[in-house]
Structures are given as C-alpha cells and as structure tokens.
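Structural overview
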Amino acid sequence: MKGKTKKIIDILITYCLLIVVAFVFLFPCLWLILASFSSSGNLYSIPGFFPESYSFQSFITLFTDTAMYNYPKWLLNTLIIAICSCVFSTILVILTAYVISRFEFKARRPLMKGALVLGMFPSFMSMTIIYILMTQFQLINNLFGLIAIYSCTAPMGYLVQKGFFDTIPTSIYEAARIDGANNVRVFRTITLPLAKPMIVYTALTSFTWPWSDFVLPKILLKNRDNWTVAVGLMSLGETEFARFAAGAVFIAVPIVVLYFLLVKNMVSGLTAGAVKG
C-alpha cells in the first residue's frame, strides 16, 4: 500500500507540474487571442491583462483596410515563399540525407564534418554576405531570392533525416539489388514509402521556418508590397495592436492545422513492418 500511495503522489505531482508549465506557455497565446478581439485596438487602452470590450472589427479591418497595411498581399507573399521553399527544401534534404547515409565516397566524411562545424555558427553571422550576394545577383526585393536561400541552406540540417535512413535495414536494399533494381528504383519504390513519416516531418519544418521568419525578409525585402506577414506586422503602430494580434493569430492557424493533420504520420512507427520474413 505504501508503494501504491507513493506512486499516486508522484503521478499527482507530475501532473501538477505539467499543468503549471502548460499554463505558463499557453497564457501568452490566450492573451494574444483575446487582445485580437479588443474593440479599442490600442495597446495602452487594455486595462490589466484582458480587454474591456470585444469585437471582430480588427479581423475585418485586417482584410479590408489595405491602403497602408496590405495584409492579404503579405499573406500571399508568405504563402508563395513557404510553399515553394517547403517543396524544394524537402527534396534537397531527403536526397542529401539519403546519399550520405547509403553511399560511400571520398568527400563523405569531410562534407559531414564541414556541415557540422558550419552549423555551430549563429545564422546571423552570414547575413552580411547573404545581402552582398543577393545584391550581386539582383535578387533584392525578389521573392525568388528568399526561396533560393531557404532551399539551398536547408540541406545543412540533414542529420535528423540521415539518422532515420540509417535505421532502415540494409537487407532490404540488398534484396532489391539482387532482384535487379537500380539505385533510382530502390529509392523510389522502397526508401520513399518507408520514409513517409520523415518526409512529413521535413516538409512541416521546411514550411514553418519561412512562414514565420522575420530576419531574412526584413533584410532582403525593401518594397512594402513584397513584405511577408512577419515584416508587415512589425510595421504596425501601437495604436494598431488589435490588428497586429489578429494578424498574428491568423498566421498561426495554418501551422496548428498542419500539425494536427500530420502529427499522426510524424509519430507513427517509422520502420514498422519494414523487414518481413
């Protein structure tokens, strides 16, 4: 009985701590959502933590008042950048991880060490050279420039995907090659179906980064019509706080929806049933 009582107490303490931690993380989100429905719109007119009165005017204004703050245009720019970057980044990361995981070549070890060392440096250290390169290639104020940066730098984070490919039994590939399958067919018919959870994970992370990034768009996009949502929302004044909150809430909805739709694929058995007797 003493052991059972101790176990119950441990469970209660654990759940209490989890509830407190969840509240700490959820409270700012709840406050932002409630602030987006504020009828006053001014940050300083919100007494305490919550607005006095609520309305949907901030969401209506967000999409109708586009003379100075063209949120629909910013949203479209962000969507184009995120989708294109997601597609190209996922392809490049998966191919990079698969090649390094399954093929032996002379530059394999130096490439892995180089990527690991470069990943230790903060990303903001490369901002100056990125700006100079984009200027030389005349890609300032160009959405394609951002897509190229996000896509070309994505393979640097191949380690998680490589670790997944390392877990796939080599016997599957050996059996396929004995049956006469070449490398392309092995990758297309065996690796890709088994790698569905990892592809989903890679696509989701590749979409999330450009969707919410602020630094690169702020540096490279000077024209207001080319801004992304993150840059556009930061340009709003203090009297437009309710519109800022509404835009932040709206931009978070796709990420939340994608997570709930894809989380089952992300956590399902990665190689369950891969090897059959």
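Just above sits the structure.
Residues numbered from 1 in each chain as written. Predicted model: local features only at pLDDT ≥ 70, side-chain atom pairs only at ≥ 80, totals over all residues. Heavy atoms only, no water.

Focus: the overall build of the protein chain
The helix and strand tally for the protein chain stands at 13 helices and 0 strands. The order of α-helices and β-strands along the protein chain, N terminus first, is α-α-α-α-α-α-α-α-α-α-α-α-α. C-alpha extents for the protein chain along the principal axes are approximately 75 × 70 × 30 Å. Looking at the protein chain residue by residue over its 277 residues, the buried ones come to 34%. Counting only contacts in the protein chain whose residues sit at least 6 apart along the sequence, the fraction spanning at least 24 positions is 74%. Summed over its atoms, the accessible surface of the protein chain is roughly 16,900 Å², and 71% of this surface lies on carbon and sulfur atoms. The positive charge centre, built from 21 side chains, and the negative charge centre, built from 11, are 12 Å apart in the protein chain. (Helix = DSSP H or I, 4+ residues; strand = E, 2+ residues; numbered from the N terminus. Buried < 20%, exposed > 50% of the residue type's maximum accessible area, 1.4 Å probe, protein only. Contact = heavy atoms within 4.5 Å. Areas by Shrake-Rupley, 256 points an atom, 1.4 Å probe, with all protein chains shown as cover. Lys, Arg positive; Asp, Glu negative; His and termini not counted. Charge placed at Lys NZ, Arg CZ, Asp CG, Glu CD.)

Notes on a nonpolar patch on the surface
Together, Val117, Leu118, Met120, Phe121, Phe124, Met125 and Met156 line one region of the surface with nonpolar side chains, adding up to about 780 Å² of accessible area. Locating methionine 125 in the fold gives a position in the loop between helix 4 (108-118) and helix 5 (127-136). (Patch = residues over 30% accessible without salt bridge, like charges linked within 9 Å, V, L, I, M, F, W, Y side chains within 5 Å. Salt bridge = Lys/Arg side-chain N within 4 Å of Asp/Glu carboxyl O.)

Some thoughts on helix 4
Listed as buried for helix 4 are Arg108, Met112 and Ala115. Buried residues of helix 4, viewed axially, fall in a sector of 65 degrees; they line one side. Exposed residues on helix 4 whose side chains face more than 90 degrees from its buried face are Arg109, Pro110, Lys113 and Leu118. Along its buried surface, helix 4 packs onto helix 3 (71-102) and helix 7 (159-167). (Arc of directions from axis to C-beta.)

Overview of the environment of proline 169
Looking at the element boundaries, proline 169 is found in the loop between helix 7 and helix 8 (170-178). The class of proline 169 is partly exposed, set by a relative accessible area of 25%. Sequence separation between proline 169 and asparagine 77 is 92 residues, and the spatial gap between their C-alpha atoms is 42 Å.

Considering the side chain of arginine 108
In this structure, arginine 108 sits in helix 4. For arginine 108, a relative accessible area of 7% puts it in the buried group. One polar contact links the side chain of arginine 108 to the main-chain carbonyl oxygen of isoleucine 100, over a distance of 2.6 Å. Looking at arginine 108, its side chain comes within polar contact range of the main-chain oxygen of phenylalanine 103, at 3.3 Å. In contact with arginine 108, not counting residues within four places along its chain, are Ile100, Ser101, Phe103 and Lys162. (Polar contact = N/O pair within 3.5 Å; in protein donor to acceptor, adjacent residues only side chain to side chain.)

Some remarks on the nonpolar core
By size, the foremost hydrophobic cluster in this structure holds 31 residues, and its most contacted members are Tyr71, Leu146, Leu216 and Val229. Listed by contribution, the elements that provide at least two residues to this core are helix 2 (57-64), helix 3, helix 5, helix 6 (143-153), helix 10 (196-212), helix 11 (215-220), helix 12 (229-234) and helix 13 (241-267). Here the element with the most residues in this core is helix 3; it accounts for 6 residues. Residues contacting valine 229, with those up to four places away along its chain left out, are Tyr71, Trp74, Leu75, Thr78 and Ile251. Met112, Ala115, Tyr173 and Leu194 belong to the second-largest nonpolar core, a separate cluster that totals 20 residues. (Core = buried A, V, L, I, M, F, W, Y, C linked by side-chain atoms within 4.5 Å.)

Observations concerning unusual backbone geometry
Phi at glutamine 138 is positive, roughly 55 degrees, even though this residue is not glycine. Relative to the assigned elements, glutamine 138 resides in the loop between helix 5 and helix 6. Although it is not a glycine, asparagine 141 sits at a positive phi angle of roughly 65 degrees. The residue asparagine 141 is located in the loop between helix 5 and helix 6 in this model. When its relative accessible area of 30% is taken as the criterion, asparagine 141 is described as partly exposed.

Read these as spatial facts, not as claims about activity.
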